[in-house]
Amino acid sequence: MTRGARRPAWFLQMIEVVPVVNQAEKSQATYGSASAEALLKVAVLGCGEVGTQVVRLLLSQADDFTARVGARLELIGVAVRDVQRERHPDISRDLLTADAEQLVKRADLVVEVMGGIEPARSLMLTAIEHGASVITANKALLATDGPTLYEAADAAGVDISFEAAVAGAIPLIRPIRESMAGDQVKRVLGIVNGTTNYILDAMATTGATFDDALADAQKLGYAEADPTADIEGHDAAAKAAILASLAFHTRVSINDVKCGGITKVTAEDVKAADELGHVIKLLAIVERVPCGDDLPGCEKVSARVFPVMLPYEHPLANVRGAYNAVFVEAEAAGKLMFYGAGAGGTPTASAVLGDLVAAARHRVRGGRGTGESRYADLAVLSIDEVSTRFYVKLSVLDRPGVLATVANIFAKHEVSIDTVRQVIVPTAPGGSESGEALLSLVTHEASERALEATVNDLNNLDSVQSVRSLLRVEGA
Ligand code: NDP
Ligand code: HSE
């Protein structure tokens with residue numbers, strides 16, 4: 001160990017108090033003991049889309065990892081549900097085990113890529129209690145109960161790292177947490193779900209149906225085990241919670257994120273967006289907002305995920321396929337953009353292995369990665385108070401006075417209309433008028449509360465047949 005470097009609590013406990021693990025089974029590489037023979041035992045939980053690539057790359061680049069870490073990383077096992085299932089040819093069946101709990105107790109470094117809340121949480125806690133550092137890609141768990149894991153890691157003096165949990169291969173967690181630690185982040189806005197971006201892009205560019213595009217995204221390994229998490233926005237909401245917590249030094253859980261998915265986005269919406277010079281993207285938006293004029297200096301956090309219309313010229317409008325892109329706006333740095341592969345086994349494995357190398361270096365040289373910071377302790381803004389622009393499409397009766405009636409409802413709730421477009425619906429292409437008109441309105445900024453009240457009143461008008469579409473509009 002370097003002179004003066006602080007030993008983690010678990011290390012002191014092991015050598016000076018009660019050994020919590022069987023030392024003979026643990027690695028020879030302890031803090032500061034880098035040598036040619038030093039080794040660190042690595043356990044991987046999960047051998048699916050991501051785990052397979054983590055294991056493959058770990059084995060095939062073993063010598064590079066030894067050189068970069070200063071100790072050999074020995075893969076001691078890979079936990080799966082079904083040890084009989086055929087795996088990648090590079091992964092020996094001898095490595096597979098169904099006994100994840102015993103595996104984590106023997107490891108110095110545990111990579112969790114099994115997903116889900118349980119048993120992932122219990123296994124990571126067991127690993128931490130037994131002195132292992134943990135690397136996870138599990139955004140669902142971190143956004144639900146991350147603090148339990150962070151506190152356990154702090155108490156044990158080990159690392160918990162999760163670069164892969166947000167935006168796949170893109171280095172984003174470390175830049176926000178470390179490179180921007182001297183700045184004040186104001187807003188993070190991004191495409192953080194590859195599956196939904198793949199679907200929306202395919203609908204807009206190839207005319208693919210929602211179902212066909214989702215099936216392709218599943219085949220390509222982008223979607224979660226249950227793709228509902230992707231298409232209903234829950235995956236992006238988990239990532240928004242993680243980003244808000246990091247960026248604003250406060251605790252934000254997935255329950256604090258207002259979330260809407262893309263299941264209601266229709267081919268008609270995609271076409272309407274195109275006619276307005278826009279595309280539809282599922283965006284995660286987290287920002288610090290002032291509490292109000294009566295509370296100077298007070299700020300709250302807003303965190304939300306919605307399908308939004310973005311103008312073609314917006315840089316996020318051109319993010320194609322399963323790619324992700326994230327804007328970070330900070331007081332001093334200004335606007336930064338991060339772009340890259342947001343999903344898929346190999347790109348995600350890159351981020352996982354980056355964390356593994358960093359955690360392994362800490363084991364060899366001493367020290368820990370940066371932990372959770374929540375000193376700001378900001379309250380979360382109610383979604384009702386969030387202001388944005390809206391696109392509303394109405395099916396109305398084609399009668400005199402209907403436009404004025406509709407406009408009056410917007411005015412009643414102080415929602416100012418920016419543009420209106422009316423199309424008279426023919427009975428058939430080129431046929432006579434059907435008595436129905438389609439009104440497409442784009443508003444100026446209005447609160448979610450005002451817009452909801454407007455839509456409720458519109459639904460009660462005899463002249464309004466239906467509210468066919470409601471989308472948020474971002475980017476001037
Ligand atoms: P998969 O569903 O492809 O793989 C999950 C793996 O975990 C399987 O090998 C499965 O075993 C194993 N597993 C699941 N439950 C258990 C259990 N109870 N005990 C033992 N093993 C278990 O998931 P992914 O690889 O796609 O995702 C893994 C994690 O990475 C998730 O948290 C996901 O959110 C995250 N992630 C995924 C990305 C992606 O592009 N796929 C990108 C970024 C993050 P078996 O093979 O026997 O069924
Ligand atoms: N299902 C996720 C996505 C994987 O599509 O983005 C990456 O987190």
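Relevant structure appears above.
In this report, the structure presented in the accompanying data block is examined.

1. Section: the nonpolar core
Then step 1. One finds Val166, Leu172, Ile242 and Val328 to be the most contacted residues of the largest nonpolar core, which totals 81 residues.
Then step 2. The greatest single-element share of this core, amounting to eleven residues, is contributed by helix 11 (residues 234-248).
Then step 3. Other than its neighbours up to four places away in sequence, isoleucine 242 contacts Lys139, Leu142, Ala143, Phe162, Ala165, Val166 and Ile173.
Then step 4. Ranked by size, the runner-up nonpolar core spans 35 residues in total, among them Val42, Val44, Leu96 and Ala164.

2. With respect to the site of ligand 2
Then step 1. With respect to spatial proximity, the complete set of residues near ligand 2 consists of Lys139, Asn193, Gly194, Thr195, Tyr222, Ala223, Glu224, Asp230, Asp235, Lys239, Gly342 and Ala343.
Then step 2. Here glycine 194 contributes a backbone N or O atom positioned 2.7 Å from an oxygen atom of ligand 2.
Then step 3. Between ligand 2 and lysine 239 there is a distance of 2.7 Å, counted from an oxygen atom to a side-chain nitrogen or oxygen.
Then step 4. A total of 260 Å² of accessible area belongs to ligand 2 in isolation, and the protein chains cover 94% of it.
Then step 5. Broken down by secondary-structure element, the contributors of at least two residues to the shell around ligand 2 are helix 8 (194-205) and helix 11.
Then step 6. Its residues assigned to classes, the shell around ligand 2 comprises three nonpolar, four polar and five charged.

3. A few points about the site of ligand 1
Then step 1. Around ligand 1, a shell composed of 24 residues is seen, among which Cys47, Asp82, Arg87, Glu224 and Gly344 lie nearest.
Then step 2. Here glycine 221 contributes a backbone N or O atom positioned 3.2 Å from a nitrogen atom of ligand 1.
Then step 3. Tallied by class, the residues present in the shell around ligand 1 amount to ten nonpolar, seven polar and seven charged.

4. Re the environment of valine 396
Then step 1. Topologically, valine 396 is positioned in strand 14 (residues 387-397).
Then step 2. By relative accessible area, which is 1% here, valine 396 ends up buried.
Then step 3. Each C-alpha atom of the pair valine 396 and proline 307 lies 24 Å from the other, and the pair is 89 residues apart in sequence.
Then step 4. If we skip the residues at most four places from it in the chain, valine 396 touches Val402, Val406, Gly435, Glu436, Ala437, Leu439, Ser463, Val464 and Gln465.

5. Topic: the side chain of threonine 126
Then step 1. By secondary structure assignment, the location of threonine 126 is in helix 5 (residues 120-129).
Then step 2. Other than its neighbours up to four places away in sequence, threonine 126 contacts Glu101, Val104 and Lys105.

6. Side note on the state of the cysteines
Then step 1. As enumerated under the stated definition, the model contains one disulfide in all.
Then step 2. Residue cysteine 291 pairs covalently with cysteine 298 via a disulfide, S to S 1.8 Å. Across the disulfide from cysteine 291 to cysteine 298, rotation about the S-S bond amounts to roughly -60°, and the bridge is consequently left-handed.

7. Focus: the packing of aromatic side chains
Two descriptors summarise a pair of aromatic rings, namely the distance from one centre to the other and the angle between the planes of the rings.
Then step 1. For the structure on display, the rule yields three aromatic pairs.
Then step 2. Ring centres 5.3 Å apart and planes at 10° place the aromatic pair tyrosine 323 and tyrosine 339 in the stacked group. Of this pair, tyrosine 323 sits in strand 11 (residues 323-330) while tyrosine 339 is found in strand 12 (residues 334-341), placing the two residues 16 residues apart along the sequence.
Then step 3. Positioned over the ring face of phenylalanine 306 is arginine 472, at 3.7 Å from the centre of the ring.

8. Things to note about the pairing of strand 2 (residues 72-79)
Then step 1. Extensive coverage of strand 2 is indicated by the burial of six of its eight residues.
Then step 2. The pairing of strand 1 (residues 39-45) with strand 2 spans seven bridges and is classified as parallel. Counterpart to valine 42 in the pairing with strand 2 is leucine 75.
Then step 3. When strand 2 meets strand 3 (residues 96-97), the two strands line up parallel, connected through two bridges. In the strand pairing of strand 3, valine 78 is matched with leucine 96.

9. Observations regarding the sheet that holds strand 6 (residues 160-161)
Then step 1. The strand order across the open sheet formed by six strands is 3-2-1-4-5-6, and the pairing between neighbours is parallel. Two strands lie at the open edges of the sheet, namely strand 3 and strand 6, each paired on one side alone.
Then step 2. Where helix 5 meets the sheet, its contacts fall on strand 1, strand 4 (109-112) and strand 5 (133-136), and the angle it forms with strand 5 comes to roughly 155°.

10. Some words on the packing of helix 5 against helix 6 (residues 139-156)
Then step 1. Closest axis-to-axis distance for the helix 5/helix 6 pair is 10 Å, and the angle between their directions is 10°. Accordingly, the angle class assigned to the pair helix 5 and helix 6 is roughly parallel. Residue-level contacts link Ala120, Arg121, Met124, Leu125 and Ile128 of helix 5 to Leu141, Asp145, Thr148, Leu149, Ala152, Ala153 and Ala156 of helix 6.
Then step 2. Per-class residue counts for the contact of helix 5 with helix 6 are nine nonpolar, one polar and two charged.

11. Description of the side chain of glutamate 448
Then step 1. Note that glutamate 448 resides in helix 15 (residues 448-459).
Then step 2. Not counting chain neighbours up to four residues away, the residues in contact with glutamate 448 comprise Phe306, Ile383, Asp384, Val386, Thr388, Phe390 and Arg472.

12. A short note on the pattern of salt bridges
Then step 1. One pass over the structure, following the stated rule, counts 27 salt bridges.
Then step 2. A salt bridge links arginine 288 to glutamate 331, with the nearest nitrogen and oxygen atoms 3.5 Å apart. You can see arginine 288 sitting in strand 9 (residues 278-290) and its partner glutamate 331 sitting in the loop between strand 11 and strand 12, a full 43 residues away along the chain.
Then step 3. Put simply, aspartate 418 and arginine 389 hold a salt bridge, and the shortest N to O gap is 3.9 Å. Within this pair, whereas aspartate 418 is found in strand 15 (residues 417-426), its partner arginine 389 is found in strand 14, the two being separated by 29 residues in sequence.

Cut-offs used in this document
Residues numbered from 1 in each chain as written. Chains lettered and ligands numbered in written order. Predicted model: local features only at pLDDT ≥ 70, side-chain atom pairs only at ≥ 80, totals over all residues. Heavy atoms only, no water. Core = buried A, V, L, I, M, F, W, Y, C linked by side-chain atoms within 4.5 Å. Buried < 20%, exposed > 50% of the residue type's maximum accessible area, 1.4 Å probe, protein only. Helix = DSSP H or I, 4+ residues; strand = E, 2+ residues; numbered from the N terminus. Contact = heavy atoms within 4.5 Å. Near = heavy atom within 4 Å. Polar contact = N/O pair within 3.5 Å; in protein donor to acceptor, adjacent residues only side chain to side chain. Areas by Shrake-Rupley, 256 points an atom, 1.4 Å probe, with all protein chains shown as cover. Nonpolar A, V, L, I, M, F, W, Y, C, P; charged D, E, K, R; others polar. Disulfide = S-S within 2.5 Å. Phe/Tyr/Trp six-rings, centres within 6.5 Å; stacked < 30°, edge-to-face > 60°. Lys NZ or Arg CZ within 6 Å of the ring centre and 35° of its normal. Pairing = 2+ DSSP bridges. Axes fitted to C-alpha atoms, helices over the stretch in contact; angles between N-to-C directions. Parallel < 35°, antiparallel > 145°, perpendicular 65-115°, else oblique. Salt bridge = Lys/Arg side-chain N within 4 Å of Asp/Glu carboxyl O.

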